[in-house]
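Per-entry structural report
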Amino acid sequence: MTSNSSTTDPVSSDHTPDGPERLLRRLERVPKVAVFLSVLILTIAILMTPGKAGAVLTLVLAGASAYLVYATWPRQTARASRLARVVVVAALVTLGVGKLFL
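All values derive from a computational prediction rather than experimental measurement.

As for the layout of surface pockets
Any empty space left between the atoms is revealed when a probe the size of a water molecule rolls over them. Computed from the structure, the largest pocket encloses a volume of approximately 610 Å³. Lining the largest pocket we find 23 residues, and of these V35, V39, A64, S65 and L68 sit closest to its centre. When residues of the lining of the largest pocket are traced back to their parent elements, those giving at least two are α1 (19-29), α2 (32-48), α3 (51-72) and α4 (79-100). Residue contributions to the lining of the largest pocket peak at eight residues, all from α3. Residues belonging to the lining of the largest pocket are distributed by class as follows: 16 nonpolar, four polar and three charged.

Observations concerning the side chain of T72
Within the element layout of this structure, T72 appears in helix α3. Judged by its relative accessible area of 13%, T72 is buried. Side-chain polar atoms of T72 contact the backbone oxygen of L68, separated by 2.7 Å. Once you skip the residues sitting within four places of it in the chain, T72 turns out to touch L24 and R85.

Regarding α4
Over its 22 residues, α4 extends 32 Å from the first C-alpha to the last, a length consistent with the 32 Å expected when each residue adds 1.5 Å. The set of residues buried in α4 consists of V89, L92, G96 and K99. For α4, the angular spread of the buried residues around the axis is 95°, confining them to a single face. Summarising the geometry of α4, the exposed residues directed more than 90 degrees from the buried face are R79, A80, L83 and T94. If you follow the buried residues of α4, they end up packed against α2 and α3.

Each value, and the rule that gives it
Residues numbered from 1 in each chain as written. Predicted model: local features only at pLDDT ≥ 70, side-chain atom pairs only at ≥ 80, totals over all residues. Heavy atoms only, no water. 1 Å grid on protein atoms, 1.4 Å probe; cavity = no way out; pocket = protein on both sides within 12 Å on 5 of 7 lines; lining within 4 Å. Points joined across faces, edges and corners; volume = space filled by probe spheres on them. Helix = DSSP H or I, 4+ residues; strand = E, 2+ residues; numbered from the N terminus. Nonpolar A, V, L, I, M, F, W, Y, C, P; charged D, E, K, R; others polar. Buried < 20%, exposed > 50% of the residue type's maximum accessible area, 1.4 Å probe, protein only. Polar contact = N/O pair within 3.5 Å; in protein donor to acceptor, adjacent residues only side chain to side chain. Contact = heavy atoms within 4.5 Å. Expected span 1.5 Å × (residues − 1). Arc of directions from axis to C-beta.

The values reported here are purely geometric and, on their own, carry no functional implication.
In structure tokens, the structure reads:
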């Protein structure tokens, strides 16, 4: 490989951030209290909403959590941290699917 090629290097500092990086940069600017309160309100809505509407809310939260786990996976080096995040996503998916049938 030659270093004088004019192809775009995806690792260079002038590349446009992809979806996960863009999301993480945007979330860094949001106050931590706002994120906490948003998840708390969504969790209360999930617990209070029965049936398919509650299942959809649960699966939306599971999807958002799964995307954040995917986006932050390379930054998490501790095995316990990764395992805990996967367990939380699996629990949310299980709860969401369970609410579909209740």
